[in-house]
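# Chain and residue survey
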Amino acid sequence: MQAEDRIRINLTVNGSSVSQQVEARRTLADFLRYDLGLTGTHTGCEQGACGACTVLLDGVAVRSCLIFASQLDGAAVETVEGLANESLHPLQEAFHRHHALQCGYCTPGFLMAAKELLTVNPDPSETEIRQALSGQICRCTGYENIVQAVREAADTLHGAKGRDA
Amino acid sequence: MPSVKNRGGIGDDLLRLEDDRLLKGQGRFVGDMRVPHVLELAVLRSLHAHAEIVSIEDRGASALPGVVHVVTGAQLQEEAPGLFALGQPPLVAGETLYVGQGVAAALAEDRYVAEDALEKLFVRYRRLPVLSDVERIVEESGEAAVTLGDSVIGFGEVEPLFAAADIVLEERLAIGRATAQPLEGRAILAMPEGEGLLVYAATQGPHGLRQGLAKALSLAPELVRVVAQDVGGGFGVKNGVYPDDILVAYLALKLQRPVRFQEDRREHFLSTVHSRAQVHRIRVAARRDGTLLAVDDDILLDAGAYQARVGYGRTTAVTIPGPYHLSAYRCRIRDVHTHKVPVGPYRGAGRPEGNFVMERMLDALSRRLGIDRAEIRRRNLIEPHEMPYDTRIPDRNGNGVIVYDSGDYPLALETALKAADIETWRERQKAPLPDGRRIGVGIAMFTEDTGVAPFEMGVVDLLEDGRIRIASGSPAQGQGHETTFTQIACSALSQTPGQIVYADTDTALVPAGIGTFGSRATVMAGSAVHLACKKLEDMVLTEAGAILGEAKERLSLSPGRVDAPQGGLQLRDLAASIEAKGEHLRAEAVFRPEQPTYADGCHIAMVAVDPLTGSVEILKYIIVDDCGNVISPRLVDGQIQGGLAFGVAAALLEELVYDNQGQLLTGSFMDYPLPTALDVPAAEIHHLCSPSPRNPLGVKGVGEGGTVPALAAIAGAVEDALLPIGGGMARQLPLTPERVVRLASANERQ
Ligand code: FES
Ligand code: FES
């Protein structure tokens, strides 16, 4: 691939503007990891089947291994690195409290997928959480603690029951 | 809502200490490391299961801009024949023995470019006959079939017992080929350092990797330093030395540049060890009252193309007798050579298979004799008053006999039955559910040797700032060693977690080690850390005594301090005065037990099966687990729940299917389905506690107990659901929908 095949893209990543030349074939996942050094987004299959690479693209959860960075001119991308500010995001906090991660390799993808879920469905049932996250593979935890964590984060984020429990 | 205490000693419900960086996307996985001028390795892999490589033509690969190096197996053999002396070669020079075996490699600063180069290498193959199906191989060749291992273990005379038995049952039972699929693939980064290498690897055993690399490269082991930082799951397959590891290390040395290999998922399917893949012909002899007399098993293990670096057939064999009395036992294991990916350990490492066949045979006996599944187990269990129990089974190394250390198996069974409310389920299953599905209940018990292999080492330092650094030879791949070992250190040294610094496993820091596998880390490395802490305590109190002018017996530790009858000393000040003398306090301890510990437990699965579609839903799942003393309660439960997911996978989902030409037909997550949040139920976990007398912590391993009996419990439940409508015996795993539908209409006559 030659330099002349490179395409300039302007986008925001976690709120900061980025302007960069990318190869047409560069996946968003590789762009984030290797060009921007945002290595929190992991890849587990690069075939769109595991969800490890999930990021938010204009607020929608997508698999960054299946999208070319060159398609993203003008887009807003959110990754796991953008979740915490001073303190952890309620989802991160809940994952910690519920032991919802072991190796942590899948965790960034789960956090982003869960963030989208709680945006579209602020008060999901356990079944809805399981369905919404069924495209995300976690090999370590057996999922139960992830489900509980997402449920707790929903409560925290929307000030519903169980806040101080 | 979990309640949280934060004191931090053994048994406290501590939140994990390693979470923060992982939650923020600041993990330190091998692929996350930014290394200037690192070359990424891409490997061209054989398209054929068995073929001669006639030629490899470079049609522009080396000339591609950005490509730094291209090498074929033949070239490598010529320039570095030493690499080919040990087991599996780093690249094939002559004959490929499985689809996925490396035949050439390219290096570039960008993996995309390295892969471009591979596309410009043209390989001419001459195809050779393929060995694929083990039963066919043995049927056609008999005793002449090529095996990579053939052994018999057992005790007593089985034949007279079979001749005299009231009942003899014989079955063919099979467990499909499967593999671990950690979400992070294999990964290794080698950087030239002095005359040697600094290696960062996603490995379960840094010391073994160092040993293997040093041997392959003819380097002194001290010249190879291996560090394991964050590792994205291991489950058995990230152990030992892979051909790609040797290639990376060799090329880094040769080119004097950092070289990294990151496996992609397709490569993982085609080059990381597979597992299970067993066919059993098992016979059981029993009395009419259900008393087991003898078991005789003949295992064919589809071993793949090379001898397993770590065999697990014998582990299957020693697992089969389980918690039951037997008068005689015999098991033959043949590792049959095929043209497939070599096999190795995978969560349970042979134990789930052994447990599966034994528990299935107990269910068959229950059915034959009309004795309830729980009752038939009850009648054969080893009793607590028999502990320690001499099983008469030779241990895996053949040096001794397996003696169970402790446990109350009848209590495990009764606890599980009560928790499951089994009578209610028996009632419920009399009628189909309104949607036509049938309910079934499966029971499986297990014993498991945990804390295996010779030794582990702990290294504990008093740091200059007064904190205490702990390290061991067993790195974590998600198990949470930082938390668990910190809790062990907190108890041993009366500290709080903030006083403890956990160090990654680094061969430069820990002189010797074995690794993390076989449910051994807490038993082995945990005990070694404990012993090293106790040594350090003694050293610290001695030093403090000298400064304070007190006998060390009158001193004790408290968080950050040495306490004396009057006053005392901050650890920080003590450390500073020791460092000022140019000294340093370090304690090393090796834990080397005579025998492993034996964990046990009972699983009960309640399922709903649709006989028409073959779908299986797990409605409720009970686990009673006895892993002795518990260090980190939520981590232990996390291991059990996570382990169950592997059991569900083996029972219902995952199978590596090959055709008769040795081509893998299920080579992606699309056709090798990993369990999702919709497949894995929340286990209801109950603990019993029979501390092991074989280590200072009284612990037993827990990494595999969630998996081992789950295959049998789930298969038993599916079978149980279908029996009333004429279903057959569940003999083959995984129970895919297709197999369940066939099972439902098997119409086997008793
Ligand atoms: S890496 Fe993108 S879905 Fe698996
Ligand atoms: S925590 Fe390891 S894959 Fe999810």
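Residues numbered from 1 in each chain as written. Chains lettered and ligands numbered in written order. Predicted model: local features only at pLDDT ≥ 70, side-chain atom pairs only at ≥ 80, totals over all residues. Heavy atoms only, no water.

A tally of regular secondary structure across chain A gives five helices and five strands. Along the longest, intermediate and shortest principal axes, the C-alpha atoms of chain A span 60 × 30 × 25 Å. Within the span of chain A, comprising 165 residues, buried residues form 55% of the whole. A sequence separation of at least 24 residues applies to 56% of the contacts in chain A between residues at least 6 apart. As displayed, chain A has an accessible area near 6,300 Å², and 46% of this comes from carbon and sulfur atoms. (Helix = DSSP H or I, 4+ residues; strand = E, 2+ residues; numbered from the N terminus. Buried < 20%, exposed > 50% of the residue type's maximum accessible area, 1.4 Å probe, protein only. Contact = heavy atoms within 4.5 Å. Areas by Shrake-Rupley, 256 points an atom, 1.4 Å probe, with all protein chains shown as cover.)

Looking now at the packing of aromatic side chains. Residues and elements named next belong to chain B. Counted by the stated rule, this structure contains 11 aromatic pairs over all chains. Here the aromatic rings of Phe155 and Tyr329 are separated by 6.3 Å at their centres, their planes lie at 50°, and the arrangement is tilted. Of this pair, Phe155 sits in strand 7 (residues 147-155) while Tyr329 sits in strand 15 (residues 328-337), and the two are 174 residues apart along the sequence. Judged by its relative accessible area of 8%, Phe155 is buried. The exposure class assigned to Tyr329 is buried, which follows from its relative accessible area of 1%. (Phe/Tyr/Trp six-rings, centres within 6.5 Å; stacked < 30°, edge-to-face > 60°.)

On to the interface of chain B and chain A, then. Listed per partner, the contact involves 57 residues of chain B and 52 residues of chain A. Together chain B and chain A conceal approximately 4,500 Å² of surface at their shared face, both sides included; 58% is due to carbon and sulfur atoms. A salt bridge links B:Asp32 to A:Arg33, with the nearest nitrogen and oxygen atoms 3.0 Å apart. Scanning the region where chain B abuts chain A turns up 24 residue pairs in polar contact (both at pLDDT 80 or more). (Buried area = accessible area lost by both parts, 1.4 Å probe. Salt bridge = Lys/Arg side-chain N within 4 Å of Asp/Glu carboxyl O. Polar contact = N/O pair within 3.5 Å; in protein donor to acceptor, adjacent residues only side chain to side chain.)

This part is about the domain arrangement of chain A. Residues and elements named next belong to chain A. Domain parsing of chain A yields domain 1 (3-82) and domain 2 (90-158). One C-alpha centre belongs to domain 1, the other to domain 2; they are set 22 Å apart. Summing the contributions of domain 1 and of domain 2, the shared interface buries around 1,200 Å²; its carbon and sulfur component is 55%. Area buried by domain 1 at its contact with domain 2 is led by His42, Thr54 and Val80, which between them contribute 36% of it. Our count for the contact surface shared by domain 1 and domain 2 stands at one salt bridge. Taking the shortest distance from any N to any O, the salt bridge between Lys115 and Glu78 comes out at 2.5 Å. (Domains from an automatic or database assignment.)

The subject of this paragraph is the domain arrangement of chain B. Residues and elements named next belong to chain B. According to the domain assignment, chain B consists of domain 1 (50-129), domain 2 (186-262), domain 3 (275-451 + 595-744) and domain 4 (453-591). With centres defined by C-alpha atoms, the gap from domain 2 to domain 4 works out at 28 Å. Interface area for domain 2 against domain 4, summed over the two sides, is near 1,200 Å², with a carbon-plus-sulfur share of 48%. Where domain 2 meets domain 4, there are one salt bridge. With a closest N to O distance of 2.6 Å, Asp506 and Arg225 form a salt bridge. Applying the counting criterion to the domain 2 and domain 4 interface returns seven residue pairs in polar contact (both at pLDDT 80 or more). Contributions of two or more residues to the side of domain 2 that touches domain 4 are made by helix 6 (206-216) and strand 11 (224-228). The element best represented in the side of domain 2 that touches domain 4 is strand 11, accounting for five residues. For the side of domain 2 that touches domain 4, the class distribution of residues is six nonpolar, eight polar and two charged. (Nonpolar A, V, L, I, M, F, W, Y, C, P; charged D, E, K, R; others polar.)

Residues and elements named next belong to chain B. Pairing in this open sheet of three strands is antiparallel, and the strands run 4-2-6 from one edge to the other. The strands lining the two open edges of the sheet, one partner per strand, are strand 4 (95-96) and strand 6 (121-127). Inspection of the sheet shows strand 2 (residues 51-58) paired to strand 4 by two bridges, in the antiparallel sense. Residue Ala51 lies in a different strand from strand 4, and its bridge partner there is Thr96. (Pairing = 2+ DSSP bridges.)

Our next topic: the packing of helix 14 (residues 481-493) of chain B against helix 15 (residues 521-548) of chain B. Residue and element names in this part refer to chain B. Running from N to C, helix 14 and helix 15 point in directions that differ by 35°, and their axes come no closer than 9 Å. In the packing of helix 14 onto helix 15, the handedness of the crossing is right-handed. On the side of helix 14, the interface is formed by His481, Thr484, Phe485, Ile488, Ala489, Ala492 and Leu493, while helix 15 contributes Ala521, Thr522, Ala525, Gly526, Val529, His530, Cys533, Lys534 and Glu537. Each residue belonging to the contact of helix 14 with helix 15 can be placed in one class, and the counts come to nine nonpolar, five polar and two charged. (Axes fitted to C-alpha atoms, helices over the stretch in contact; angles between N-to-C directions. Left-handed = near helix turned anticlockwise from the far one by under 90°.)

Okay, the nonpolar core next. Counting 95 residues, the largest nonpolar core has B:Tyr329, B:Phe356, B:Ile604, B:Tyr621, B:Ile714, B:Val718 and B:Leu735 as its most contacted members. For this core, the element with the most residues is helix 18 (residues 710-722) of chain B, which contributes 10 residues. The contact partners of B:Val718, leaving out residues within four places of it in the chain, are B:Val607, B:Val609, B:Val616, B:Leu735, B:Val740 and B:Leu743. One finds A:Ala114, A:Ala149, B:Tyr346 and B:Leu656 within the second-largest nonpolar core, a separate group that totals 65 residues. (Core = buried A, V, L, I, M, F, W, Y, C linked by side-chain atoms within 4.5 Å.)

Turning our attention to the confidence of the model for chain A. Detailed conclusions should not be drawn from predicted coordinates in areas where pLDDT is low. Mean pLDDT over chain A: 93, with 94% of residues reaching 70 or higher. Within the model, the stretch residues 161-165 of chain A combines pLDDT values under 50 with eight contacts to residues more than four positions away or in other chains. (pLDDT = per-residue confidence, 0-100.)

Attention now goes to empty space enclosed by the protein. Residue and element names in this part refer to chain B. Taken as a whole, this structure holds six cavities of 30 Å³ or more when the rule is applied. For the lining of the largest cavity, the per-class residue count stands at 10 nonpolar, four polar and four charged. The wall of the second largest cavity is formed by Arg186, Ala187, Ile188, Ala201, Ala202, Thr203, Leu209, Lys238, Asn239, Gly240, Tyr242 and Asp245. Its residues placed into classes, the lining of the second largest cavity shows six nonpolar, three polar and three charged. (1 Å grid on protein atoms, 1.4 Å probe; cavity = no way out; pocket = protein on both sides within 12 Å on 5 of 7 lines; lining within 4 Å. Points joined across faces, edges and corners; volume = space filled by probe spheres on them.)

So, on to the sheet that holds strand 10 (residues 196-201) of chain B. Residue and element names in this part refer to chain B. Read across the open sheet, the eight strands follow the order 3-5-1-12-9-10-11-22; overall the sheet is mixed. With one partner strand each, in any of the chains shown, strand 3 (67-72) and strand 22 (505-506) form the two edges of the open sheet. When strand 1 (residues 39-45) meets strand 5 (residues 102-108), the two strands line up antiparallel, connected through six bridges. Residue pairing for strand 5: Leu44 is matched across the bridge by Ala104. Most of the contacts of helix 3 (residues 111-119) go to strand 1, to which it runs at about 30°, and overall it touches strand 1, strand 3, strand 5 and strand 12 (259-262).

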